[in-house]
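Chain by chain, the residues:
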Amino acid sequence: MDINSIPVITIDGPSASGKGTIAQLVAKKLGFHYLDSGALYRLVALKALQADINISDENKLAKIAATLDVFFENDQIYLENKLVTDKIRTEECGVMASKLASFPRVRESLIVRQRAFRQPPGLVTDGRDMGSVIFPDALLKVFLTASAEIRAQRRYKQLIEKGINASIVELQRGIQKRDERDSKRSVAPLQQSSDARLLDTTSLSILQAQNCVLEWYRECCTSERV
Ligand code: CDP
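Keep in mind the model is a prediction, meaning the values are calculated, not measured.

Participant: Explain helix α5 (residues 104–115) here, please?
Facilitator: Residues spaced three or four apart along an α-helix point in a common direction, a consequence of the helix completing one turn every 3.6 residues. The terminal C-alpha atoms of α5, which comprises 12 residues, lie 17 Å apart, in line with the 16 Å expected from a rise of 1.5 Å per residue. Among all positions in α5, only Val 106, Arg 107, Leu 110 and Gln 114 are buried. With its buried residues spanning 85° around the axis, α5 presents them on a single face. When the buried face of α5 is taken as reference, the exposed residues oriented beyond 90 degrees from it are Glu 108 and Val 112. Where α5 is buried, its residues touch β2 (33–36), α2 (37–50), α3 (58–67), α4 (91–100) and α6 (130–134).

Structure representation (structure tokens):
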């Protein structure tokens, strides 16, 4: 089977925009595989924190990324056979992930691993560079965003539900800092590519956003057939 014929939907966007939730729902609806690319950067961050690696040591961080012993099972993530699904969601891991994601060699080490998720019958993936770098031939590319205030509220709710303490003001400040770092880095910066459709979810429910992506996907499938 030609790998390139397997449909891919990419959902890129800033921190806490809801792309993970929407991507997972769309994947479920279509019966597609799901790749949370941010989790890979967070896993490298967790491993680096555990091993006490200096954040400026690109070589060591790239080595961790290349040799990461990880597997995804249903909604759970295991690092070296230990369940780390919630552990990688802390702000500490998020900030570290955002910092090490600016190293070209770290990003390169994760490319093959990400592309391997392209399996029949299709893939939905979310991140920052899914449509621009990892799957440039994706059938549908979405750039999903929301205001920083709404994103901070969503992230707050998500963390509290996981039993992780948080402050909305601190979260909003952190989100803005992370946006800035992710948008200004020289490799694979966070930006809407010209062939991606913009979906602003500030005043949309999860269901409305999910249906919009599904509708766009159907349109893409139809126009591919004609
Ligand atoms: O959950 P949140 O959207 O805040 O972050 P994430 O998607 O889990 O990703 C964590 C960090 O990894 C981001 O701040 C990005 O810097 C980086 N990342 C990236 O550079 N490229 C990706 N495709 C995904 C994440």
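The structure having been displayed, the exposition proceeds.
Participant: When you look at the packing of helix α1 (residues 19–30) against helix α9 (residues 206–225) in this model, what are you seeing that I'm missing?
Facilitator: Relative orientation and spacing of two packed helices are given, respectively, by the angle between their axes and the distance between those axes. Look at α1 against α9: their axes get within 9 Å of each other, and the N-to-C directions meet at 55°. Put simply, α1 runs oblique to α9. Helix-helix and strand crossings are classified by hand; for α1 and α9 the assignment is right-handed. Residues Thr 21, Ile 22, Leu 25, Val 26, Lys 29 and Leu 30 of α1 form the contact with α9, whose participating residues are Ile 206, Ala 209, Gln 210, Val 213, Leu 214 and Tyr 217.

Participant: What should I look at first to understand the site of the ligand in this one?
Facilitator: Neighbouring the ligand are 20 residues; Ser 15, Lys 19, Arg 42, Arg 107 and Asp 182 lie closest to it. Contact distances for the ligand include 2.8 Å between an oxygen atom and a side-chain N or O atom of Lys 19. At 2.6 Å from an oxygen atom of the ligand is found a side-chain nitrogen or oxygen belonging to Arg 42. At the level of secondary structure, the elements contributing two or more residues to the shell around the ligand comprise α2, α4 and α8 (168–184). Residue contributions to the shell around the ligand peak at four residues, all from α2. Across the shell around the ligand, the residue classes tally to five nonpolar, five polar and 10 charged.

Reading guide: rules and limits
Residues numbered from 1 in each chain as written. Predicted model: local features only at pLDDT ≥ 70, side-chain atom pairs only at ≥ 80, totals over all residues. Heavy atoms only, no water. Helix = DSSP H or I, 4+ residues; strand = E, 2+ residues; numbered from the N terminus. Expected span 1.5 Å × (residues − 1). Buried < 20%, exposed > 50% of the residue type's maximum accessible area, 1.4 Å probe, protein only. Arc of directions from axis to C-beta. Contact = heavy atoms within 4.5 Å. Axes fitted to C-alpha atoms, helices over the stretch in contact; angles between N-to-C directions. Parallel < 35°, antiparallel > 145°, perpendicular 65-115°, else oblique. Left-handed = near helix turned anticlockwise from the far one by under 90°. Near = heavy atom within 4 Å. Polar contact = N/O pair within 3.5 Å; in protein donor to acceptor, adjacent residues only side chain to side chain. Nonpolar A, V, L, I, M, F, W, Y, C, P; charged D, E, K, R; others polar.

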